[in-house]
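Letter by letter, the chains look like this.
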Amino acid sequence: MLTPLLLQLHEYALINGSFSDDIGLFTGKSAVALVNYEWSAAYQEPYYSDTVGYSFLEEIIAGSSRKTALHYGDGLMGFGSLVDYLQAKNQVDANSREVLENYEPICFALLPTIKETGLLRGIAGVGMYLLSRFKNQYNQPVFEHHASSCLAAIDYLAESAVLDNSLWTGWPGVLFFLRKLSKEVPKYAVPVKNITHEIHQKILVSLNVDNFKWDNFHALFALSRSMPIATYAKTLSTHLAAVPNQISNLPIRDGAFIALLLHLMSQENPFVPEIAVQKENIVEAVKNSIKHVGINIIFPFNPITNMVQVGLQGGVVGTLLPFLSIEENCFDWLQLIGIEV
């Protein structure tokens, strides 16, 4: 159902996306392009895909240069994966090979220099772009070379890196990439399984109930994709029980995404009704905050960047798209961060 809140968020995303110089999927204009295509499909309004969404894609292409950011979350690799996603849904004609032909060698030249592991600016993000290209008949030997490099780097970092539980920068995003790699390229199943086990143990140790963090729900969701619920049931129960006391400290800009993850968990675990209960509590907290505080206060203009944050990570679309997905059951776009529904 199209609600006044969705309309308000959509309008705010359109206005501020137009003035954003950030092309990122997690941080900027690519997210606004994405939400317009999802909006068009959900409400059968082709204007928002054929005209509005497409114009954002054109703006990104026209404004790109060799100085444009390259990483998955804030740069061209994420944009390339978005183009491939839209092509697979027959919404655009081009693919990432055509759009990024001049930039791809620079993207992969980054790989040996990347010290981060997560999706935003790390190795997992490069891997996600690789998988997107693999579906478009990417050169097999080159793909295997880069994929093996990604795995080796993650394996090395998994032994010593101390990452957070954020989907964007931490272990959950790494797990989503590894799971997608194992599914789409079975030859990597065994090394992925070994690395995944090591990361699972790191996450389980970090989920300390005395140190409640909202990002822990990102980690719990990641565990739910690859482990029996009995493995982490006690920790999940403890975190859910803490929500009512912690709700006043909810980071509102991240709340809708957490609610979306809990929504998916509740669908897969209907025998744990508390997941759905706390999802609704978080949804109401976000809606009430937007209503009483104001959307322009929650997502303010930043005088340093001269932009409003509009991306998936804590931006306007990061609230709009999860709410749209819950309302209209549209989850395909989550594959862009490695989540298959």
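See the structure shown above.
These numbers come from a predicted model, not from an experiment.

A.B. asks: Hey, could you go over the overall build of the protein for me, with residue numbers and the actual values?
C.D. replies: Along the protein, the regular secondary structure elements total 16 helices and two strands. Over its C-alpha atoms the protein spans a radius of gyration of 19 Å, differing by no more than 12% from the 20 Å that the globule rule assigns to 341 residues. In terms of its C-alpha atoms, the protein occupies a principal-axis envelope of roughly 50 × 45 × 40 Å. Each of the 341 residues in the protein was classed as buried or not, and the buried ones make up 57%. Carbon and sulfur atoms make up 53% of the accessible area of the protein, which amounts to about 14600 Å² in all.

A.B. asks: Tell me what's going on with helix 4 (residues 76–88), and back it up with residues and numbers.
C.D. replies: In a regular helix each residue adds 1.5 Å, so 13 residues correspond to 18 Å; helix 4 covers 18 Å between its end C-alpha atoms and thus fits that length. Counting buried residues in helix 4 gives 11 out of 13 residues, a clear majority hidden from the surface. Taken as a whole, helix 4 has its buried residues at L76, M77, G78, F79, G80, S81, L82, V83, D84, Y85 and L86. Considering only its buried residues, helix 4 is in contact with helix 2 (29–43), helix 3 (47–63), helix 5 (96–99), helix 6 (104–109) and helix 7 (123–134). Where helix 4 ends, the next residue or the one after it, N90, has phi of about 60 degrees, a positive value.

A.B. asks: If you had to explain the packing of helix 2 against helix 4 to someone new, which residues and values would you point to?
C.D. replies: One way to put it is that helix 2 packs onto helix 4 with a least axis distance of 10 Å and a crossing angle of 15 degrees. Taken as axis vectors, helix 2 and helix 4 run roughly parallel relative to one another. Viewed along their axes, helix 2 and helix 4 form a crossing whose handedness is left-handed. Note on element contacts: helix 4 touches helix 2 through F79, L82, Y85 and L86, opposite S30, A33, L34, Y37 and E38. Classifying every residue of the contact of helix 2 with helix 4 gives seven nonpolar, one polar and one charged.

A.B. asks: Can you lay out the pattern of salt bridges for me, pointing to particular residues and giving the numbers?
C.D. replies: Summed over all chains, the structure comprises eight salt bridges. E268 is the partner of R225 in a salt bridge, and the nearest nitrogen-oxygen pair spans 2.6 Å. Taken together, the positions of R225 in the loop between helix 11 (216–224) and helix 12 (233–246) and E268 in helix 13 (residues 252–268) put the pair 43 residues apart, joining distant regions of the chain. Taking relative accessible area as the criterion, R225 reaches 13% and is therefore assigned buried. For the salt bridge of K279 with E280, the shortest nitrogen-to-oxygen distance reads 2.9 Å. We classify E280 as partly exposed; its relative accessible area is 38%. Through salt bridges with shared partners, a single ionic network connects K180, E184 and E340.

A.B. asks: A description of the packing of aromatic side chains should follow, citing residues and the corresponding values.
C.D. replies: Taken as a whole and judged by the stated rule, the model has 12 aromatic pairs. On the numbers, 6.4 Å between centres and 65 degrees between planes, the contact of W39 with Y48 is edge-to-face. Note on W39: relative accessible area 2%, which makes it buried. Plain terms: the ring middles of F176 and F221 are 6.0 Å apart, the flat faces sit at 70 degrees to each other, and that makes the pair edge-to-face. Taken together, the positions of F176 in helix 9 (residues 171–184) and F221 in helix 11 put the pair 45 residues apart, joining distant regions of the chain. Given the relative accessible area of 3%, F176 is considered buried. Overall, F221 belongs to the buried group, its relative accessible area being 0%. Directly above the ring of Y188 sits K187, whose terminal nitrogen or CZ lies 5.5 Å from the centroid. The lysine or arginine in question, K287, covers the ring of F323, its NZ or CZ lying 5.8 Å from the ring centre.

Cut-offs applied
- Residues numbered from 1 in each chain as written.
- Predicted model: local features only at pLDDT ≥ 70, side-chain atom pairs only at ≥ 80, totals over all residues.
- Heavy atoms only, no water.
- Helix = DSSP H or I, 4+ residues; strand = E, 2+ residues; numbered from the N terminus.
- Rg over C-alpha atoms; globule rule 2.2 N^0.38 Å.
- Buried < 20%, exposed > 50% of the residue type's maximum accessible area, 1.4 Å probe, protein only.
- Areas by Shrake-Rupley, 256 points an atom, 1.4 Å probe, with all protein chains shown as cover.
- Expected span 1.5 Å × (residues − 1).
- Contact = heavy atoms within 4.5 Å.
- Axes fitted to C-alpha atoms, helices over the stretch in contact; angles between N-to-C directions.
- Parallel < 35°, antiparallel > 145°, perpendicular 65-115°, else oblique.
- Left-handed = near helix turned anticlockwise from the far one by under 90°.
- Nonpolar A, V, L, I, M, F, W, Y, C, P; charged D, E, K, R; others polar.
- Salt bridge = Lys/Arg side-chain N within 4 Å of Asp/Glu carboxyl O.
- Phe/Tyr/Trp six-rings, centres within 6.5 Å; stacked < 30°, edge-to-face > 60°.
- Lys NZ or Arg CZ within 6 Å of the ring centre and 35° of its normal.

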